[in-house]
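Architecture and fold: a report
Letter by letter, the chains look like this.
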Amino acid sequence: METLPFGQPRIVSRIFRDKRVLRESYLPPTLPGRESQMEEFEALLAPLYYNEPAPNILFIGKTGTGKTAVVKQILARKEAEFKNSYVRFEYINCSRANTAYRVFYKLNRIFGILVPPSGLPFDVLYDRFFEALSSSKIRLVVILDEIDIPSRRGDRLLYSLSRINSDLNEETTSLTVVGIANTVNFIDRLDERARSSFNPAVIYFPPYNADELKAILLQRAHLGLRDGTWEEGAINYIAAKIARESGDARRAIDVLRMAAEIAEKENSIKLTIEHARKAMDAVNEQELGLAIRSLPLHHKFVLLAIAKLLASGDERPGTGKIYRSYLTITRMHMAEPLTMRRVSGIINELASQGLIETKMSYGGAYGNTKVVTSLIVAPERALKLLGSAGLR
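Residues numbered from 1 in each chain as written. Predicted model: local features only at pLDDT ≥ 70, side-chain atom pairs only at ≥ 80, totals over all residues. Heavy atoms only, no water.

**Considering the nonpolar core**
Phe104, Leu107, Leu144 and Leu175 are the most contacted members of the largest nonpolar core, which has 38 residues in total. Counting only elements with at least two residues in this core, the list comes to β3 (57–60), α3 (100–110), α4 (122–136), β5 (139–145), α6 (156–162), β6 (174–181), α7 (186–189) and α8 (192–198). Here this core takes seven residues from α4, the largest share from any one element. Beyond its immediate sequence surroundings of up to four residues, Leu107 is in contact with Ile92, Phe129, Val142 and Leu161. (Core = buried A, V, L, I, M, F, W, Y, C linked by side-chain atoms within 4.5 Å. Buried < 20%, exposed > 50% of the residue type's maximum accessible area, 1.4 Å probe, protein only. Helix = DSSP H or I, 4+ residues; strand = E, 2+ residues; numbered from the N terminus. Contact = heavy atoms within 4.5 Å.)

**Some points on the pattern of salt bridges**
For the structure shown, the criterion picks out 20 salt bridges. Between Glu261 and Arg257 there is a salt bridge, and its shortest N-O distance comes to 3.7 Å. With Glu261 and Arg257 both in helix α11 (residues 249–265) and four residues apart, this pair spans about one turn of that helix. Accessibility expressed as a relative area gives 27% for Glu261, which makes it partly exposed. Residue classification places Arg257 among the buried residues on the basis of a relative accessible area of 11%. Glu266 is paired through a salt bridge with Lys278; the nearest N and O atoms lie 2.7 Å apart. (Salt bridge = Lys/Arg side-chain N within 4 Å of Asp/Glu carboxyl O.)

**Things to note about the side chain of Asp248**
Relative to the helices and strands, Asp248 is located in the loop between α10 (232–245) and α11. As a buried residue without a salt bridge, Asp248 has its nearest oppositely charged side chain in Arg250, at a separation of 5.5 Å. Residues within four places of Asp248 in sequence aside, it is in contact with Thr63, Gly64, Leu213 and Ile242. (Lys, Arg positive; Asp, Glu negative; His and termini not counted.)

**Observations regarding the pairing of strand β4 (residues 87–93)**
Counted residue by residue, β4 has five buried out of seven residues, so it is predominantly covered. In the sheet, β4 pairs with β5 via seven bridges, with the strands oriented parallel. When the bridges of β5 are listed, Phe89 appears paired with Val141. (Pairing = 2+ DSSP bridges.)

**Digging into the packing of helix α13 (residues 297–311) against helix α14 (residues 319–332)**
Where α13 contacts α14, the axes come no closer than 8 Å and their chain directions differ by 120°. Where α13 crosses over α14, the handedness of that crossing is right-handed. Counted together, His298, Phe301, Val302, Leu304, Ala305, Ile306, Lys308 and Leu309 of α13 and Lys321, Ile322, Ser325, Tyr326, Ile329 and Thr330 of α14 form the full contact between these two elements. Looking at the contact of α13 with α14, its residues break down into nine nonpolar, three polar and two charged. (Axes fitted to C-alpha atoms, helices over the stretch in contact; angles between N-to-C directions. Left-handed = near helix turned anticlockwise from the far one by under 90°. Nonpolar A, V, L, I, M, F, W, Y, C, P; charged D, E, K, R; others polar.)

**Quick notes on the sheet that holds β3**
In space, the five strands of this open sheet follow the order β4-β5-β6-β3-β7, with parallel pairing throughout. Every other strand in the sheet has two partners, leaving β4 and β7 (201–204) as the edge strands with one partner each. The mean inter-strand angle of the sheet, taken between neighbouring strand axes irrespective of direction, is 15°. With four bridges joining them, β3 and β6 adopt parallel strand pairing.

**Points about the side chain of Lys78**
Summarising the element assignment, Lys78 is placed in helix α2 (residues 67–81). Filtering out sequence-adjacent residues up to four positions away, Lys78 remains in contact with Glu42, Leu45, Tyr49 and Phe89.

**Overview of the packing of α13 against helix α15 (residues 340–352)**
For the pair α13 and α15, the least separation of the axes is 10 Å and the interaxial angle reads 80°. Comparing the axis directions of α13 and α15 gives the class roughly perpendicular. Here His298, His299, Val302, Leu303 and Ile306 of α13 come into contact with α15, specifically with Arg342, Val343, Ile346, Ile347, Glu349 and Leu350. Residues that form the contact of α13 with α15 fall into these classes: seven nonpolar, two polar and two charged. (Parallel < 35°, antiparallel > 145°, perpendicular 65-115°, else oblique.)

These values are about where atoms sit, not about what they do.
Structure (structure tokens):
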């Protein structure tokens, strides 16, 4: 037991060395499995060394595939290299600056231009930023994390930013946009005008495979857990499960942290596969609970229909069975039912969110059909969670 400055005892964790290492906000010294993306990003920024504009860049990949970590890793390095020079980097989180106006509000603040957080015509915001940038004689690189969010409201942001260079003196001044998108088909969703003016170099971030996740988890375990307090089999279990389900490194790290918390709570001297299993169930249940609260009503009805069928012993309910169960549920709740085609689309959406697993069943009496093979948690547990939300 250690002692704090004023004499109070500090309880030393049996399992954890540094719990911060197992948090999403922690940036590790290296990024296993993302070496090629880092090299590609560095190469695209190389023109800055010659005082030339770098191209627009777009990171594309699902949540938890290392996009933000790569940007922050390279950003820290470049900011040190270009300190007090003609290159400036600015990171904007678009989950907060979620409109074109709010992004340009932040861009104006870079140059000390005070504008109201709302109320000005957009063209005024744009003109003030352009004037400040054009007289600055700098290479400005703006990172827009979760660029999908403001783009849902239209393509004005990307179109406005990417057309600026055509009006600048590129011998001395330029703007490079680095977008980070979780939507895999982000480029296809842009209108032709925005797509043409943005025209980014695209860096793809595929889901992590089991070997990559194992390397990430081993790195975090060595840094964040005490020596000899974890079994490599537990790491292998988490890596294999998450690779099969989503390839999401954030989720894998969450499971590892929760497994260590469970081991500590049980006064175990070592994190085992059993602790990892319990943590996986707890994280899945947590995710489903959050999803149930945020899902639209008819998505909840479809999820309830699936849970009821799986709980009744139907191991592979198809779209037709799910739709019939869904109709019964909508009648019970006195709701107007959606079409079977729309319900089929909702099944796809639930699968893309990782709440259910589906596969195609080929042939048979009804031809090719989509079937649900499992839920993120046991069907009985899903029914209980849905029941607590007033759905029965």
